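What follows is each chain in one-letter form.
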Amino acid sequence: MKFTISFYTLLFLSHITFALEFSGNDNLKPQISGSLLDETTKEPLSYATVSLLSLPDSTLVDGVITDDNGAFVLNPPLGSYILKAQFVTFQNVLLPVTLDKKNKVVDVGVLSMKPSTKELEEVIVQGERTQMELSLDKKVYNVGTDLSSLGGSASDILANLPSVAVDVEGNVELRGSTSVRILINGKPSGLVGLSSADALRQLQGNLIESVEIITNPSARYDAEGQAGIINIILKKEQSKGVNGSFLANTGAPHNHGVGINMNFRRDKINFFVNYGFNYDRAPGESFTNQKFTLSDTTYYTDQENSRLRGGFSNNLRFGADFNIGENSTLTTSFLYRYSIDKNMSDLSFSDYDENRRLIAYSLREDEENEVDKNLEYSINYEKQFKRKGHTLAATVQYQDNFENEISDISETIGPDANTIDNTIFQKIDNKQGEDQLLLQVDYIQPFGSKAKVELGYRTTVRTIINNYLVEEQNEAGMFVPLDSFTFDFEYNENVHAFYGIVSDELDKFSWQAGLRAEISDIDVDQRNAIDGKAFFNYTNFFPSAFLTYKLTTLSQLQASYSRRINRPRYRDLSPLGSFTNNRTFRLGNPDLQPEYTDSYELGLLQNFDQASIYYGVYYRKTDDPIQRVSPPADAEGLIYSRPQNLGSEESFGIEVNANKDFTEWYRVSGNFNFFRQETFGSAFGEDLNAQTVTFTTRISNNFKFKEIVSGQININYRAPEVQPQGRREAITVIDLGMTKDLWKKKGTIALSVRDVFNSRKYRFTTDTNNFTSDSEFQWRRGPQFVLTLNYRLNQDLAKRGERGDKSGYDGGSGEDF
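None of these values were measured; they are calculated from a predicted model.

How each quantity is defined
Residues numbered from 1 in each chain as written. Predicted model: local features only at pLDDT ≥ 70, side-chain atom pairs only at ≥ 80, totals over all residues. Heavy atoms only, no water. Helix = DSSP H or I, 4+ residues; strand = E, 2+ residues; numbered from the N terminus. Buried < 20%, exposed > 50% of the residue type's maximum accessible area, 1.4 Å probe, protein only. Contact = heavy atoms within 4.5 Å. Areas by Shrake-Rupley, 256 points an atom, 1.4 Å probe, with all protein chains shown as cover. Phe/Tyr/Trp six-rings, centres within 6.5 Å; stacked < 30°, edge-to-face > 60°. Lys NZ or Arg CZ within 6 Å of the ring centre and 35° of its normal. pLDDT = per-residue confidence, 0-100. Core = buried A, V, L, I, M, F, W, Y, C linked by side-chain atoms within 4.5 Å. Polar contact = N/O pair within 3.5 Å; in protein donor to acceptor, adjacent residues only side chain to side chain. Pairing = 2+ DSSP bridges. Axes fitted to C-alpha atoms, helices over the stretch in contact; angles between N-to-C directions.

Counting its regular elements, the protein contains six helices and 48 strands. In the protein, which comprises 817 residues, the share counted as buried stands at 56%. Taking the contacts inside the protein whose residues are at least 6 apart along the sequence as the reference set, 67% of them involve residues at least 24 apart. Carbon and sulfur atoms form 56% of the exposed surface of the protein, whose accessible area is close to 34,400 Å².

Structural data, given as structure tokens:
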């Protein structure tokens with residue numbers, strides 16, 4: 001640990017001073033340009049190194065890293081050179097180039113790079129690829145190589161990523177904020193479902209190729225999400241012929257599944273299919289100790305909850321890419337997710353007087369059956385025109401999501417656990433449905449040597465219906481509705497967006513400026529409530545700007561700005577979230593307004609032969625932030641929490657991401673995110689101003705033994721955090737993983753142990769005007785053991801292990817959000 005921290009410190013101190021190079025004043029400056037292409041897959045090679053060596057002494061004169069399209073531009077003085085292109089697992093390309101007064105500008109065209117046979121033989125161990133691929137606009141994590149997450153869910157994978165956390169309810173946090181947009185293959189998806197927290201726990205991790213984290217998106221991206229965007233890329237092969245992979249896993253507590261990823265490609269057509277089946281039963285537990293002061297009377301309540309959650313889940317996704325006409329592709333895809341869960345909960349309440357003497361006891365047993373079904377249809381069209389980078393893309397996508405939770409509850413009440421005075425029987429029927437239509441068009445027109453204009457349009461039409469029924473058995477044995485907890489709720493959201501972006505490169509500078517306009521039309525209707533209707537209509541403009549300066553051959557500095565919106569989520573508007581706990585209720589607030597965030601970031605990316613490091617400083621200013629807070633408990637000791645718009649919130653943070661190959665057998669990657677957050681506001685007559693200074697850090701240690709066995713140790717730590725009505729305590733989690741290649745490296749067997757010390761426990765305190773509580777919550781008791789067997793059919797593992805699969809999008813440019 002000390003060695004790793006020292007590594008970060010030394011890198012930071014050794015690169016504070018930079019040498020700035022100024023170009024000449026000639027009207028026509030010397031320039032060498034071109035692009036790199038994978039000869040096998042015909043994909044651009046981004047982030048490859050292009051160097052310029054002088055003749056005859058081979059001294060390094062200039063260098064650059066290729067962009068997302070594999071393109072590069074060098075601006076050396078006149079002279080004779082050797083152009084050298086390098087990329088891991090590929091053979092070097094050497095090309096003589098001469099610049100003189102007659103030929104100041106040279107375009108070497110497209111240079112194809114061949115895979116290196118020698119390197120492929122040496123770098124074929126799965127997990128060898130470092131997980132982080134750092135660029136200034138996003139960070140890409142090749143999670144397929146994360147040994148400690150094999151056999152886990154999407155939620156498990158996200159919880160292991162730098163700057164990402166999963167809170168007590170399964171909601172994803174990015175840099176301390178739950179206001180984050182989650183996309184699948186660049187677009188909203190049925191795989192996320194009505195409840196992203198539950199859906200991510202059911203999505204098998206073996207279907208995921210990589211995860212992109214975009215903390216300051218441009219105008220091209222959806223403006224939703226205060227903290228940014230997390231884009232989950234699903235697997236899809238690109239090699240010709242039949243290829244794919246087969247996976248099976250088993251674990252304890254119960255976690256068993258199979259996965260299939262297959263692909264068939266010919267010249268004009270490509271078929272792909274992903275299927276995942278999983279069965280799991282996750283035991284969890286929680287407790288809450290409460291103290292109430294009501295009408296000058298003090299009493300205590302202890303709550304204990306043991307749960308068993310899980311069941312069967314299926315994910316099927318298939319489709320085809322068709323090459324139609326010249327440089328045109330049509331992609332169709334279909335997604336189907338179906339799951340059946342049986343969840344059981346035993347929740348006990350022990351009530352004590354001010355002297356801690358037991359005065360009442362109740363046990364609430366809840367048996368819930370949950371069915372989720374998601375359908376998604378998508379058609380994507382992309383046209384590549386003759387000029388490189390000149391593209392037109394269009395998407396039509398439709399989602400049909402349904403969720404039904406049916407609970408049978410019995411509550412026994414008495415003076416203690418051994419005496420029953422009364423039994424209450426209740427039923428809950430919670431139906432939720434969603435329809436969503438997405439239409440999107442994106443157009444890119446290059447002009448000049450490096451400039452381009454981007455234009456786009458997108459509309460989303462979304463309807464959610466929630467029918468919630470709570471019934472209780474009366475003295476006659478009939479179940480009758482409890483009117484205060486029964487409702488019909490409908491949410492309609494239409495968002496229309498237009499954007500425009502202009503960008504260019506000038507010597508060592510590149511810049512981008514964009515503007516996005518979004519028109520939001522929202523209709524909320526609680527049909528059985530007085531004044532249950534609410535209408536919201538607003539038009540917003542979201543500017544963005546990026547400026548990049550190339551400090552040295554392998555170093556870049558970028559400043560960026562964007563404005564973001566966070567519309568109230570459906571569950572924040574819906575009247576009631578759950579009735580399992582009949583003393584603590586999560587209510588919605590139909591009067592919620594959206595929150596707006598101005599986000600600024602300054603980042604430095606440096607690449608070395610055996611390492612890369614990113615330093616970032618960011619600042620966010622949010623107006624009308626949404627926070628879930630609790631008013632004082634009522635006269636019966638019932639607790640309600642509801643989201644409120646507070647006054648404002650400011651966040652300032654420093655983030656460092658780094659990876660380093662120390663030896664041939666040991667590599668480390670890590671993240672450190674420090675932030676200070678200050679919240680201003682009040683609600684229910686209570687001052688909710690809060691200030692917190694906290695940090696998160698993650699260290700991933702990767703080992704390789706004798707080219708056959710690989711191991712990984714992940715350490716995650718979240719420091720304590722002060723909140724408007726309490727405090728979240730620190731949490732430390734350690735995960736392990738180990739793999740061994742089989743069958744001439746066509747197969748891999750892996751063992752992962754998540755939460756080795758059973759420490760993934762969420763502990764927090766709440767403090768209001770008339771009650772306090774201390775709580776601990778655990779979704780799944782640890783440790784969890786998973787054994788995974790993976791077989792690869794006709795896959796070029798070395799190439800996938802070293803570069804990741806940069807496809808996975810259902811057509812389009814891969815940038816259409």
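With the rule as written, the count across this model stands at 26 aromatic pairs. Judged by centre distance (6.4 Å) and plane angle (20°), the ring pair of Trp665 and Phe703 falls under stacked. With Trp665 in the loop between strand S36 (648-661) and strand S37 (666-680) and Phe703 in strand S40 (residues 690-705), this pair connects stretches of sequence that are 38 residues apart. Phe703 gets classed as partly exposed once you look at its relative accessible area, which sits at 22%. Site record: aromatic cluster; members linked through ring pairs are Phe662, Trp665, Tyr666, Phe703 and Phe705. Sitting above the plane of the Tyr300 ring, Arg356 keeps its charged end 4.8 Å from the centroid.

Next up on the list: the environment of Arg527. You can see Arg527 is positioned in the loop between strand S28 (509-526) and strand S29 (533-552). For the pair Arg527 and Phe487, spaced 40 residues apart in the sequence, the C-alpha separation amounts to 7.3 Å. Setting aside residues up to four positions removed in sequence, Arg527 forms contacts with Ile465, Asn467, Asp488 and Glu490.

For the protein, per-residue confidence averages 82 on the pLDDT scale, and 85% of positions sit at 70 or higher. pLDDT under 50 marks residues 1-26. Its contacts with residues more than four places away, or in other chains, come to 34 contacts. In the model, residues 117-130 has pLDDT below 50 throughout and makes 43 contacts with residues more than four positions away in sequence or in other chains.

It is characteristic of soluble globular proteins that their nonpolar side chains tend to be buried jointly. Tyr468, Phe489, Tyr491, Val524 and Phe579 are the most contacted members of the largest nonpolar core, which has 26 residues in total. Elements that contribute at least two residues to this core include exactly strand S25 (451-473), strand S27 (487-506), S28, S29 and helix H5 (570-573). It is S29 that contributes the most residues to this core, four residues altogether. Counting residues in each nonpolar core, the second largest holds 22 residues, with Tyr141, Leu203, Ile213 and Ala227 among its members.

A few words now on the environment of Glu493. As for its position among the elements, Glu493 is in strand S27. Of the residues examined, Glu493 reaches a relative accessible area of 11% and is grouped as buried. Separated by 32 residues in the primary sequence, Glu493 and Val461 have C-alpha atoms spaced 6.1 Å apart. Setting aside chain neighbours within four positions, we find Glu493 in contact with Thr460, Val461, Arg462, Asp521, Ile522 and Arg567. One polar contact links Glu493 to Tyr491, side chain to side chain, over a distance of 2.6 Å.

What follows deals with the sheet that holds strand S6 (residues 93-99). Spatially, the four strands line up as an open sheet ordered S3-S2-S5-S6, and their pairing is antiparallel. Among the strands making up the open sheet, the edge pair consists of strand S3 (60-65) and S6. Going from strand to strand, the sheet's axes swing by 20° on average, the running direction of each strand aside. Where strand S5 (residues 79-86) lies against S6, seven bridges are found, and the strand directions are antiparallel. Bridging across to S6, Ser80 finds its partner in Thr98.

The three strands lie next to each other as S4-S1-S7, forming an open sheet whose pairing is mixed. Every interior strand has two partners, whereas the edge strands, strand S4 (71-74) and strand S7 (105-113), have only one. Each neighbouring strand pair of the sheet contributes to a mean axis angle of 20°, computed without reference to strand direction. Strand direction decides the pairing type here: strand S1 (residues 31-38) and S7, joined by seven bridges, are parallel.

Looking now at the pairing of S4. Side-chain alternation along S4 places Ala71 and Val73 on one buried face and Phe72 and Leu74 on a second face that is also buried. Bridge analysis of S1 against S4 gives four bridges, and the strand direction is antiparallel. Within the sheet, the bridge partner assigned to Ile32 lies in S4 and is Leu74.

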